[in-house]
Amino acid sequence: MSYSYFSDSYAATAEKPVRHSGRSNYNPPHLRDQNTRPFGYSYRSESQPPNNGRGRGRRGGGRGGGGGRGFVPGYSELDRQFREPYRRTYDTVVEKLNEVEVVDEKPSMGINFDAYEDIPVETSGSDVPKPVNTFAEIDLGEALNDNIRNRCKYVKPTPIQRHAIPVALAGRDLMACAQTGSGKTAAFCFPIICGVLNLQSPPEAAAGFGRREMTAYPLALVLSPTRELCCQIHEEAKKFCYQTGVKVAVAYGGAPIGHQLRSFEKGVDILVATPGRLTDVIERSRVSLKRVKYLALDEADRMLDMGFEPQIRKIVECLDMPPPGRRQTMLFSATFPEQIQRLASDFLSNYIFLSVGRVGSSTDLILQKVVFVDDMEKRDCLRNLLRDQKANGNLGKNALTLVFVETKRGADSLERWLCQIGFPATAIHGDKVQYERERALNIFKNGVTPILVATDVASRGLDIPRVAHVINFDLPKDIDSYVHRIGRTGRAGKSGLATAFFNAKNSSIAKALSELIKEAHQESPSWLAQYVDGSSSGDRCYGSSKFGGRDYRSSNSNSYAADNNSYSTTGYAAADYGGANGGSGYDHPSSGYDTADYGGASGSVEYAPPPPAEFSDCYGGGGGGHGYESIVAGGWE
Ligand SMILES: Nc1ncnc2c1ncn2[C@@H]1O[C@H](COP(=O)(O)OP(=O)(O)OP(=O)(O)O)[C@@H](O)[C@H]1O
């Protein structure tokens, strides 16, 4: 079965939405009136409204304007009229899509643990609990164990889970760093759920179950920087908590607050939230943090950088949350710049530092390619890349491609252009209302638009199983953002491909990029060396060691290789984490939107020159070495 099957269905069933003033008919760009057709897709665009510009008209629509997750009750009549026709169309597409997936998709074969066998692990802090090898070795309780085995189909813990879960179950504070896609969510969720279950008073009593309480008193709080990641963690946590009696609720900006508040009335044991919305519900006295025993910060370095730190400090230090020592705090990320570690230690008490793989390293599972492309040639290069990818079919027929750009305007512009030249794309960024953001993510995940153009709002945490290729159309300014972006592929033991478009403007990241690629046992292009000297802000100064230099406290560390289980003391390599954290793309507490709109990076000029030599070398039909044809993103088919 091919995409044309469901794209045909989409067009055939599409109905024209009712237009209301002040709210445009949102029409997916790839279904707007076009002259070209993607990949031989046969859209029937007659049933779609013409492409009259952006077709959105909802910029600056405010936080409350976007609607919630899907089609929840409580929307206004106008909202309903606007959404209803689309909903029916969309449901039909998803239905068809599900049929396709049933036929096409093989069941998940689970994580490729071999990919993690040799990964070095380092711990520091006093009395570090021993890691475990199996879930059976840890007493997580029958219901949770059952969910791990039967609902999640996790056979054994990933390295971060093997090490972090015993630490957390021992009641210790933890700062944990592990590569993208290596299972950090479960590593903090399992001990939290277990702890909630074990608390002396039953969760029902603590949370006010059985009577309609105006204020919820969660026992655990999980904070995340973006709304989408917040939703994802909420979904994961609900899966883990199935039939345990533990109640999980979510609070994030952009969705109707009333719906979230009503959900609290049933009691909340674990609250997953973004900082802005959390502050809001606390100020309305609908949530109190005074019973919080567990605090987890996912993407903790991002949560504690300049953008979020004041808000987090307010939540953790100025409201009614118990202080360190009376609550257990866990910080997780794939990157942890040293100055953020220093800052984070304010929130921790006698904590254990744990790193699985090098702090801020990418996983070897991701094949990284750097291509020299001038700004003027980027679009042409992207077109050829996507065309070759489609023609070769080498990433698997249901593979998804994620394209990162620097600006929100750049994302819209590139999305429009891709659709015009026949590639079904959608875009996600902080100027879209929440409804559009979630919809973009959904149609990407489902493969309706297998290309997603994104700002950094999609760079962290999102776990989209079939992302086989991440393209950095615009490279970020700091290497940590690059690590998170490419980490959207190569997850859970699967392999992935990451392509970066590099030119002189990216010199500041050259050194760190080159080191990162070498560290992943891959070849950095020789021409990159000439830009390395100019590197500054993106540079993290890796040092010569392949492993070391993490815990900023930097003494008395225990480290051992994951495969021999014997601890040995090691010194640290000198490391300077630099830590220029880019400021855009996140769900900022105050606004709910990206902090900056940098103006259009991507011009709308049509480019005609042939692809640069490097591009042909890398991706042409050679097939040798790491040539593009030789890359099969294992596990996608
Ligand atoms: N023990 C396990 N066995 C099999 N799959 C697992 C296991 N633990 C987690 N996974 C799967 O691995 C994938 C990645 O997990 P997760 O999203 O928690 O990664 P992460 O480390 O938080 O990534 P990121 O740094 O990007 O946030 C998920 O699809 C998850 O279901």
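Because the structure is a prediction, the values reported are computed rather than measured. Within each chain, residues carry numbers counting from 1 in the order of the written sequence. With pLDDT at 70 or above as the cut-off, local features in this predicted model cover only qualifying residues; side-chain atom pairs require 80 or more to be listed or tallied, and sums for whole chains, interfaces and linings still use all residues. Processing note: side-chain calculations cover all non-hydrogen atoms of the structure and skip hydrogens and water entirely.

A few words on helix α5 (residues 184–198). Secondary structure follows DSSP: runs of H or I at least 4 residues long count as helices, runs of E at least 2 residues long count as strands, and numbering of each begins at the N terminus. Every helix has an expected span of 1.5 Å times one less than the residues it contains. Taking 1.5 Å per residue, 15 residues should reach 21 Å; α5 reaches 22 Å between its end C-alpha atoms and fits that length. In terms of residue burial, α5 counts as a mostly covered element, since 13 of its 15 residues are buried. For every residue, the accessible area (1.4 Å probe, protein chains only) is compared with the maximum for its type, and the residue is labelled buried under 20%, exposed over 50%, or partly exposed between those bounds.

Segmentation into domains, and thus their bounds, comes from an automatic or database assignment. By the assigned domains, the protein splits into domain 1 (2–106 + 362–542) and domain 2 (113–356). Residue contacts are defined here by distance: any two heavy atoms, one from each residue, within 4.5 Å place the two residues in contact. Listed as interface residues are 29 residues of domain 1 and, on the opposing side, 28 residues of domain 2. Buried area, as used here, totals the accessible surface that two parts lose on assembly, with accessibility defined by a 1.4 Å probe and the loss added over both. When domain 1 packs against domain 2, the two sides together hide about 2400 Å² of surface, and 51% of this comes from carbon and sulfur. Between Lys or Arg on one side and Asp or Glu on the other, a salt bridge is scored when a side-chain nitrogen of the former is within 4 Å of a carboxyl oxygen of the latter. The residue glutamate 228 makes a salt bridge to arginine 437 at a minimum N-O spacing of 2.8 Å.

Of all residues except glycine, most have a negative phi; of all peptide bonds, most are trans. Phi angles above zero are rare outside glycine, and serine 285 is one such case at about 60°. A positive phi angle, close to 50°, is found at glutamate 299, a residue other than glycine. Of note, glutamate 299 is situated in the loop between β6 (294–298) and α10 (300–303). Taking the relative accessible area as the measure of exposure, glutamate 299 reaches 5% and is therefore buried.

Right, let's get into the pairing of strand β3 (residues 220–223). Neither face of β3 is exposed, since Ala220 and Val222 on one face and Leu221 and Leu223 on the opposite face are all buried. Any two strands are treated as partners once DSSP identifies two or more bridges connecting them. Strand direction decides the pairing type here: β3 and strand β5 (residues 270–273), joined by four bridges, are parallel. Within the sheet, the bridge partner assigned to valine 222 lies in β5 and is valine 272. Pairing between β3 and β6: four bridges, direction parallel. Pairing of leucine 221 across the sheet is with leucine 295, part of β6.

With that settled, consider the site of the ligand. The near set for a molecule or strand comprises every residue that places at least one heavy atom within 4 Å of it. The environment of the ligand is formed by 20 residues, the closest being Tyr154, Lys184, Thr185, Asp463 and Arg491. At 2.8 Å from an oxygen atom of the ligand is found a main-chain nitrogen or oxygen belonging to glycine 181. Here the residues of the shell around the ligand sort into five nonpolar, nine polar and six charged. No fewer than three residues from each of domain 1 (2–106 + 362–542) and domain 2 (113–356) sit in the shell around the ligand. Here a polar contact is taken to be a pair of N or O atoms separated by no more than 3.5 Å, where protein atoms must pair a possible hydrogen donor with a possible acceptor and residues adjacent in sequence count only if both atoms sit in side chains. Classification convention: Asp, Glu, Lys, Arg as charged; Ala, Val, Leu, Ile, Met, Phe, Trp, Tyr, Cys, Pro as nonpolar; all other residues, Gly among them, as polar.

This part covers the environment of leucine 513. Its place among the elements puts leucine 513 in helix α17 (residues 507–519). We classify leucine 513 as buried; its relative accessible area is 0%. With 34 residues separating them along the chain, leucine 513 and isoleucine 479 place their C-alpha atoms 6.7 Å apart. With near-sequence residues (within four places) excluded, leucine 513 lies in contact with Val370, Leu475, Ile479, Tyr482, Phe502 and Leu528.

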